[in-house]
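# Notes for the structure review
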Amino acid sequence: MTFSEISCKIYKKTDSKRIPKFKEGRNMKVILKADVKGTGKKGDIIEVSDGFAKNFLFKKGLAETATASGINEISQKKAAEQFHKAEEIKATKELAESLKGQSVEVGIKVGENGKVFGSVTSASVAAALEKKGFDIDKKKIQMTAVKTLGTFEAEIRLMENISAKIKVNVVAL
């Protein structure tokens, strides 16, 4: 076989330009099983080139072909996830409404001349809230360390854009 015969098999002549015979732009839809940098996140349905899918994504177990059942399963998972997130936000808003305006009393050791030993922190406020029946993490309570007797305000940030303000009454033990 001569060189011209080989080149005639690979290329066809059209308007005196040589155009390759292989098909360009072969793409396929895949469902990602894990996050792939620069491509997408887990659960995304994306369209990638044939070679990238076969040689990289499938071999490493990062994706599977997008079948009708797979696409349906992904959409159902996303719908369930959105429903659960909405329920969680609803419950958090109800908790914030029940916390608004509450006041808690926190005791602290005081010397004879009125000097306070230590300070009232978010951990002691969380313990006082737990006695009232609210299970709040101390990291969600925003307040400065109180080193005097009196009434102070503390903000409880339950979620992003959901918070409640309570009053902290510091008394001597």
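Residues numbered from 1 in each chain as written. Predicted model: local features only at pLDDT ≥ 70, side-chain atom pairs only at ≥ 80, totals over all residues. Heavy atoms only, no water.

### Digging into the overall build of the chain
As a reminder, the rule being used: Counting from the N terminus, the helices are DSSP H or I runs at least four residues long and the strands are E runs at least two residues long. The buried label applies to any residue whose accessible area, calculated with a 1.4 Å probe on protein chains only, is under 20% of its type's maximum; exposed applies above 50%, and partly exposed to all values in between. The criterion used for residue contact is that any of the two residues' heavy atoms lie within 4.5 Å. Computed by Shrake-Rupley with a 1.4 Å probe, the accessible areas treat only the displayed protein chains as cover when residues are assessed.
Assigned secondary structure in the chain consists of four helices and nine strands. Along the chain, helices (α) and strands (β) appear in the sequence α-β-β-β-β-α-β-α-β-α-β-β-β when read from the amino end. The proportion of buried residues among the 173 residues of the chain is 25%. Here the analysis covers contacts within the chain between residues at least 6 apart in sequence; of these, 45% occur between residues at least 24 apart. As displayed, the chain has an accessible area near 12700 Å², and 51% of this comes from carbon and sulfur atoms.

### Brief notes about the nonpolar core
What counts, and what does not: What is meant by a nonpolar core is a set of buried Ala, Val, Leu, Ile, Met, Phe, Trp, Tyr and Cys residues, joined one to another through side-chain atoms within 4.5 Å.
Formed by 23 residues in total, the largest nonpolar core has its most connected members in Val125 and Leu129. Counting residues per element, this core draws most heavily on strand E9 (residues 162-172), which supplies five residues. In this structure, Val30, Ile46, Leu57 and Ala63 belong to the second largest nonpolar core, which totals ten residues.

### Concerning the pattern of salt bridges
What counts, and what does not: Salt bridge, as applied in this entry: a Lys or Arg side-chain nitrogen positioned within 4 Å of an Asp or Glu carboxyl oxygen.
Scanning the model with the defined rule gives four salt bridges in all. Where lysine 54 meets aspartate 50, a salt bridge forms, and the shortest distance between an N and an O atom there is 3.9 Å. Note that lysine 54 and aspartate 50 are positioned in helix H2 (residues 50-57) at a spacing of four residues, about one turn of the helix. In this structure lysine 54 comes out as partly exposed when scored by relative accessible area, which is 48%. Where arginine 157 meets glutamate 155, a salt bridge forms, and the shortest distance between an N and an O atom there is 3.7 Å. The exposure class of arginine 157 is partly exposed, given its relative accessible area of 46%.

### Overview of the confidence of the model for the chain
Under the convention used in this document: pLDDT gives the predictor's per-residue confidence on a scale running from 0 to 100.
Per-residue confidence for the chain gives a mean pLDDT of 85, with 86% of residues at or over 70. Note that residues 11-16 has pLDDT below 50 and, in this model, eight contacts with residues that lie over four places away or in other chains.

### What about the pairing of strand E8 (residues 150-159)?
For clarity, the threshold we go by: Strands are treated as partners if at least two bridges between them are detected by DSSP.
Relative to E8, strand E7 (residues 141-142) runs antiparallel, the two being bridged by two bridges. Bridging across to E8, isoleucine 141 finds its partner in isoleucine 156. Across nine bridges, E8 lies against E9 in antiparallel orientation. By the bridge assignment, methionine 159 is partnered in E9 with isoleucine 162. The turn linking E8 back onto E9 is made up of two residues, and asparagine 161 within it adopts a positive phi angle of 70°.

### A look at the sheet that holds strand E3 (residues 27-32)
The line we're drawing: Each axis is a line fitted through C-alpha atoms, and for a helix only the stretch in contact is used; angles between axes span 0 to 180 degrees, taken between their N-to-C directions.
Strand order in the open sheet formed by three strands is E4-E3-E5, with antiparallel pairing between adjacent strands. Looking at which strands have only one partner, the edges of the open sheet turn out to be strand E4 (45-49) and strand E5 (63-65). When strand polarity is set aside, the average angle formed by the axes of neighbouring strands in this sheet is 45°. When E3 meets E4, the two strands line up antiparallel, connected through five bridges. Across the sheet, the residue bridging to lysine 29 is glutamate 47, located in E4.

### What about the pairing of E3?
Alignment of E3 against E5, held across three bridges, turns out to be antiparallel. Paired with leucine 32 across the two strands is alanine 63, which belongs to E5.

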